[in-house]
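Breakdown of the fold
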Amino acid sequence: MDSCLLSFIGAGAYHHHIPVPVSLESNPFTVSTAGENASRQAGELAQQLSNLTAMSATYCAGGDLIAATAKGIEIVQNALRRRQTNRILIASTVNPYYRKAISTRLKHQGVDLAVVHYDEDVGAVGLDQLSRIDRKSADVLIIQHPNFFGGVEAVDEISDWAFSQDIPLIAIVNPLALGVLKAPGSWGKRGAEMAVYDIQTLGLPASLSGSVAGFVSIKQRQVNKLTADIKSTLSALEMQQVDNWMLARAGAYLNYQGDIGLSRIARQCARNLKQLENNLLENPLLSARFAGERFHECVIEFDQVNLSAVLSLCARQGFQIGHPLESEYPELGRCVLLNATEAHLAADIEAIVGELGKVFEVQLSAARPAAAKS
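Residues numbered from 1 in each chain as written. Predicted model: local features only at pLDDT ≥ 70, side-chain atom pairs only at ≥ 80, totals over all residues. Heavy atoms only, no water.

**As for the packing of helix α3 (residues 65-79) against helix α4 (residues 96-106)**
As a packed pair, α3 and α4 sit with axes 10 Å apart at the nearest point and diverge in direction by 55 degrees. Classified by the angle their axes make, α3 and α4 are oblique. The crossing of α3 and α4 is right-handed. Between α3, through L65, I66, A67, T69, A70 and I73, and α4, the contact on the second element is made entirely by Y98, A101, I102, R105 and L106. When grouped by side-chain class, the residues that make up the contact of α3 with α4 number nine nonpolar, one polar and one charged. (Axes fitted to C-alpha atoms, helices over the stretch in contact; angles between N-to-C directions. Helix = DSSP H or I, 4+ residues; strand = E, 2+ residues; numbered from the N terminus. Parallel < 35°, antiparallel > 145°, perpendicular 65-115°, else oblique. Left-handed = near helix turned anticlockwise from the far one by under 90°. Contact = heavy atoms within 4.5 Å. Nonpolar A, V, L, I, M, F, W, Y, C, P; charged D, E, K, R; others polar.)

The structure is reproduced here in structure tokens:
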């Protein structure tokens, strides 16, 4: 990767290596086709995604992840019409841009979005945080897996807790991360009710994030509750608004990688992130904000430097170290979210750490008072 293009920003859109057989426009797996072949490809992808999430059925549920999440909430609330209260619990570790978009989409429906704050030691929501909220009238609990900070919530405990409270659990997931993380349909004793996601990480460029087809995978107990109205709005991966090219390409990626390949890529992502974090923490000016293992993202605190000045200097040098968190999380004002995938080479990591060290020297030198003249 050219040094002038070095970027360790993720925050929901991830750069992954796309194999040539998947990216070739002439490849029969990725040609956008109509009729019987397109239907077959769509059906195969639905089954692949159901297997990946350990769910019973998968549907294309909108033009992006937010549309899929809204559809998932609608499905659950429709099933709960006996006590619908329009109150949604959502973890503060869900991507803040997702939370804002979900809130905007639902606010005119009179839905109350109640945010569950995270444990500030580990950067994840747990039973302690859930036990402190008013949960008696909640329709849905939404968490992200892995979460925005790259952490993994105690999903088995949360799933069992949600079931004990009669609160359906919706998981926003990264499909590629399920190569190493536990599938939401297998959480706890009964699994999450459904998983929502897009397919950007499955063979699609990061530049498409935000306009990538959204999906919802559902456990059988929720499938059984689908009404005729809901079924009429769900067509298994064949909605006209979704480009068949996206569906075929994601299917080609999963076919090409297989379970073993997907696991290998996810593990390499985890190794590269760990290498990035370890190399950064050799600098005494940096520290890890949260304890525990991460996937895709880590939160690094800039302890003794002017963060805004560092970010500005980095931009001038032509590289991006990560996503500053202050605007979304004021308590993390000195922190940056950094991402690494299998596409970041060891040389890239060494380069960014070296360049950052030079930036620190420049910034600290500028901050020192000038020596008095004799």
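Once the structure has been displayed, the description carries forward.
**Structural notes on the pattern of salt bridges**
Within this structure, the stated rule accounts for five salt bridges. A salt bridge links K71 to E74; the nearest nitrogen and oxygen atoms lie 3.1 Å apart. Taken together, the residues span about one helical turn, with K71 and E74 both in helix α3 at a distance of three residues. Among the salt bridges present, the one from D156 reaches K182, with a minimum N-O distance of 3.0 Å. Of the two residues, D156 is situated in helix α6 (residues 155-164) and K182 in the loop between β5 (169-173) and β6 (194-198); the sequence distance between them amounts to 26 residues. For D156, a relative accessible area of 31% puts it in the partly exposed group. (Salt bridge = Lys/Arg side-chain N within 4 Å of Asp/Glu carboxyl O. Buried < 20%, exposed > 50% of the residue type's maximum accessible area, 1.4 Å probe, protein only.)

**Examining the sheet that holds strand β7 (residues 214-218)**
Spatial strand order, β1-β7-β6-β5-β4-β2-β3: seven strands in an open sheet with mixed pairing. At either end of the open sheet lies a strand with only one pairing partner, and these are β1 (57-62) and β3 (112-116). Put simply, the sheet's adjacent strands are angled 25 degrees from each other on average, direction ignored. In this fold α3 packs onto β1, β2 (87-91), β4 (140-145), β5, β6 and β7, with an angle of close to 165 degrees to the strand it touches most, β6. Relative to β3, α4 is tilted by about 160 degrees, and along the sheet it contacts β2, β3, β4 and β5. (Pairing = 2+ DSSP bridges.)

**What to know about the nonpolar core**
Judged by nonpolar contacts, the single largest core of 89 residues is most densely connected at L141, I142, F149 and L325. The greatest single-element share of this core, amounting to 11 residues, is contributed by helix α9 (residues 244-281). The contact partners of L141, leaving out residues within four places of it in the chain, are L89, L130, I158, W161, A162, I167, P168, L169 and I170. Listed in part, the 25 residues of the second largest apolar core include L280, C298, C314 and V336. (Core = buried A, V, L, I, M, F, W, Y, C linked by side-chain atoms within 4.5 Å.)

**Structural notes on the sheet that holds strand β10 (residues 323-324)**
Judged by pairing direction, the sheet is antiparallel, and its four strands sit side by side in the order β8-β9-β11-β10 without closing on themselves. In the strand order of this sheet, the two ends are held by β8 (286-288) and β10, each with one partner. As paired elements, β10 and strand β11 (residues 335-339) share two bridges and run antiparallel to each other. Opposite P324, over in β11, you have V336 as the bridge partner. Together, β8, β9 (297-302) and β11 form the strand contacts of α9, whose direction differs from that of β9 by roughly 10 degrees.

**Considering unusual backbone geometry**
The omega torsion of the bond from H145 to P146 falls at -10 degrees, within 30 degrees of zero and hence cis. Note on placement: P146 falls in the loop between β4 and α6. Even without a glycine there, the phi angle at A11 is positive, about 55 degrees. Looking at the element boundaries, A11 is found in the segment before α1 (20-23).

**As for the confidence of the model for the protein chain**
Averaged over every residue, the pLDDT of the protein chain is 86; the share at 70 or more is 87%. In this model, residues 28-35 is a region of pLDDT below 50 whose contacts with residues beyond four sequence positions or in other chains number 23 contacts. (pLDDT = per-residue confidence, 0-100.)

**Concerning the packing of aromatic side chains**
Within this structure, the stated rule accounts for nine aromatic pairs. An angle of 50 degrees between the planes, with centres 6.0 Å apart, marks the rings of F148 and F149 as tilted. Taking relative accessible area as the criterion, F148 reaches 3% and is therefore assigned buried. On the basis of relative accessible area, F149 is assigned to the buried category, the value being 0%. Between the aromatic rings of F149 and F290, the centroid separation amounts to 5.0 Å while the plane-to-plane angle is 35 degrees, which identifies the pairing as tilted. Taken together, the residues span a long stretch of sequence, with F149 in the loop between β4 and α6 and F290 in the loop between β8 and β9 at a distance of 141 residues. Using a relative accessible area of 6% as the deciding quantity, one classes F290 as buried. Ring-pair connections join several aromatic residues into one group, and the members of that group are Y118, F148, F149, F290 and Y329. (Phe/Tyr/Trp six-rings, centres within 6.5 Å; stacked < 30°, edge-to-face > 60°.)

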